[in-house]
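Architecture at a glance
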Amino acid sequence: MKCTLVIESEPGNSKTFEFNQDEITIGRVMGNDIMVNDRSISRYHVKIILKKGRVELIDLDSRNGTKCNNAQVKKTLLHDQDIIEISNIPVKFICPEVPSESTAEHTVLASAKRLKVVRAKKFLMRSSGYIVSRSL
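Now for a description of the structure that goes with this document. Remember, it's a predicted structure, so these values are computed and weren't measured experimentally.

Now for the pattern of salt bridges. Counted according to the given criterion, the structure contains five salt bridges. Among the salt bridges present, the one from Glu18 reaches Lys2, with a minimum N-O distance of 3.4 Å. Here Glu18, found in strand E2 (residues 13-19), pairs with Lys2, found in the segment before strand E1 (3-10); they are 16 residues apart in sequence, far enough to count as distant. A salt bridge links Asp61 to Lys74, with the nearest nitrogen and oxygen atoms 3.9 Å apart. One end of the pair, Asp61, is in the loop between strand E6 (54-59) and strand E7 (66-68); the other, Lys74, is in the loop between strand E8 (71-73) and strand E9 (75-78), with 13 residues separating them in the sequence. Of the two residues, Asp61 and Lys74, both sit in the exposed class. Bridged by salt links that share partners, the residues Asp59, Asp61 and Lys74 form one connected network.

This is the structure in structure tokens:
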């Protein structure tokens, strides 16, 4: 699977990185697969893992955090056309082989302490403020 990251290091100035490794890191120092020279980015900020047709983004306990589609994340699945913010640097994730969120498996809150992956064809109902799944 081949994926692309478009990093906008300055407004109007972007760099494109293609990768197909099982794992890459992004950070401020040498030793990362992609190095972004910005003081707001941690030395080792995020890791992206390609595994079994899925792409996972993991924040490496960075100082300024990571967002995906405007939501603060520590760990999340990436979908084609997602917008990642590494500290304050916008990064567009492009990977047509990974379905967009509207057609992919959705991660929904199943309880206050754990996440459960449910397929879109399962029936979802709301109960006590939580989303629960029930097979049809």
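On we go.
A few words on the sheet that holds E1. The antiparallel open sheet is built from six strands, whose spatial order is E2-E1-E11-E10-E7-E8. Taken across any chain shown, the strands that pair with only one partner, and hence form the sheet edges, are E2 and E8. Across the sheet, the mean angle from the axis of one strand to that of its neighbour is 30°, orientation sign disregarded. Where strand E10 (residues 83-86) and strand E11 (residues 89-94) come together, four bridges link them in antiparallel fashion. Its bridge partner lying in E11, Ile83 is registered against Lys92.

Across the two faces of E10 the burial differs, with Ile84 and Ile86 buried and Ile83 and Glu85 not buried at all. Note that E7 and E10 share three bridges and pair antiparallel. Among the inter-strand pairings, Thr66 is bridged to a residue of E10, identified as Ile86.

Turning to the nonpolar core, a few remarks are in order. The biggest cluster of nonpolar side chains holds 24 residues, and the ones touching the most others in it are Leu5, Phe19, Ile26, Ile48, Val55, Leu78 and Phe93. Those elements giving two or more residues to this core turn out to be E1, strand E3 (23-27), strand E5 (46-51), E6, E10 and E11. Non-local contacts of Ile26, meaning those with residues more than four positions away in its chain, are made with Leu5, Asn32, Ile34, Val36, Tyr44, His45, Val46, Ile48 and Ile86.

Reading the values: the criteria
Residues numbered from 1 in each chain as written. Predicted model: local features only at pLDDT ≥ 70, side-chain atom pairs only at ≥ 80, totals over all residues. Heavy atoms only, no water. Salt bridge = Lys/Arg side-chain N within 4 Å of Asp/Glu carboxyl O. Helix = DSSP H or I, 4+ residues; strand = E, 2+ residues; numbered from the N terminus. Buried < 20%, exposed > 50% of the residue type's maximum accessible area, 1.4 Å probe, protein only. Pairing = 2+ DSSP bridges. Axes fitted to C-alpha atoms, helices over the stretch in contact; angles between N-to-C directions. Core = buried A, V, L, I, M, F, W, Y, C linked by side-chain atoms within 4.5 Å. Contact = heavy atoms within 4.5 Å.

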